[in-house]
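Observations on the three-dimensional arrangement
Next come the chains, spelled out residue by residue.
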Amino acid sequence: MNTSGTPQNVHEQIVALLPRLRRFARNLTRNPHDADDVVQIAVERALTRLDQWRSDARLDSWMFKIVRNAWIDELRSRGRRDKIFTTAEAGDNIGADSMASQTELLSVQSAMARLPEEQREAVGLVLVEGLPYREAAEVLDVPIGTLTSRLARGRQALQAMLGAEAETT
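Residues numbered from 1 in each chain as written. Predicted model: local features only at pLDDT ≥ 70, side-chain atom pairs only at ≥ 80, totals over all residues. Heavy atoms only, no water.

L59, W62, M63, V67, L125 and L147 are the most contacted members of the largest nonpolar core, which totals 42 residues. Of all the elements, helix 3 (residues 59-78) adds the most residues to this core, at 9 residues. Two domains each put at least three residues into this core: domain 1 (1-83) and domain 2 (115-163). (Core = buried A, V, L, I, M, F, W, Y, C linked by side-chain atoms within 4.5 Å. Buried < 20%, exposed > 50% of the residue type's maximum accessible area, 1.4 Å probe, protein only. Helix = DSSP H or I, 4+ residues; strand = E, 2+ residues; numbered from the N terminus. Domains from an automatic or database assignment.)

Here's what the structure looks like:
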């Protein structure tokens, strides 16, 4: 996702990153409205601070870090955490043939939402967004060992939660 070129090219790449940024923000915020707000704040910050981005660095990693920091800022300003509700899109395909896949998706989303924040961030960046461990560790400002530990605990917790749900159905 490196670019060496015009600001227009960087703007186009940021636009192309929007779905990934939004998915990561939803993972962090667990709320689609908060996710949209955080992505908007992050894009605004990135565009006003393009001079701070090193062209030899990955643009996606830089943007993920801005999204994460924007969410942290939002949490601090609120002074409290929002309650977790199922996303509005969860009901989009009720009655559709894809009910089983929707149920599975909701189970995974629910399990992800129950992970501790540090594990949810690691799982979101590495397993969902596909960032290399080094890049994800940089986004989270932690050593790679800490990231791999959080990732391993997150995977175990997800497998336990999803396994327990499968046994009850």
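Below, the discussion takes up the packing of helix 3 against helix 6 (residues 133-140). Interaxial distance between helix 3 and helix 6 falls to 9 Å at its minimum, and their mutual angle equals 35 degrees. Viewed along their axes, helix 3 and helix 6 form a crossing whose handedness is right-handed. For the pair formed by helix 3 and helix 6, the contact residues are S61, F64, K65 and R68 on the first element and E135, E138, V139 and L140 on the second. Per-class residue counts for the contact of helix 3 with helix 6 are 3 nonpolar, 1 polar and 4 charged. (Axes fitted to C-alpha atoms, helices over the stretch in contact; angles between N-to-C directions. Left-handed = near helix turned anticlockwise from the far one by under 90°. Contact = heavy atoms within 4.5 Å. Nonpolar A, V, L, I, M, F, W, Y, C, P; charged D, E, K, R; others polar.)

Secondary-structure assignment places Q109 in helix 4 (residues 99-114). By relative accessible area, which is 36% here, Q109 ends up partly exposed. Residues Q109 and R30, spaced 79 residues apart in sequence, show a C-alpha to C-alpha distance of 8.8 Å.

A separate point is helix 5 (residues 117-128). When helix 5 is considered as a whole, its buried residues turn out to be Q119, R120, E121, A122, V123, G124, L125 and V126. Positive phi appears at G130, one or two residues downstream of helix 5, with a value of about 75 degrees.

Remark: the centre distance and the inter-plane angle together describe each pair of aromatic rings, the angle taken between the planes. With the rule as written, the count across this model stands at 2 aromatic pairs. Arranged with centres 5.3 Å apart and planes meeting at 70 degrees, the rings of F24 and F64 form a pair that is edge-to-face. Placement of F24 in helix 1 (residues 7-29) and of F64 in helix 3 is noted, with a sequence separation of 40 residues between them. The two residues F24 and F64 agree in class, both being buried. Ring plane angle 40 degrees and centroid distance 6.3 Å describe the contact between W53 and W62, whose orientation is recorded as tilted. (Phe/Tyr/Trp six-rings, centres within 6.5 Å; stacked < 30°, edge-to-face > 60°.)

Within this structure, the stated rule accounts for 12 salt bridges. Across the pair R20 and D60 runs a salt bridge whose closest N-O atoms are separated by 3.3 Å. Of this pair, R20 sits in helix 1 while D60 sits in helix 3, placing them 40 residues apart in sequence. Both residues of the pair, R20 and D60, count as buried. The shortest N-O distance in the salt bridge between D56 and R54 comes to 3.2 Å. On the accessibility criterion, D56 (56% relative accessible area) is exposed. We classify R54 as exposed; its relative accessible area is 53%. (Salt bridge = Lys/Arg side-chain N within 4 Å of Asp/Glu carboxyl O.)

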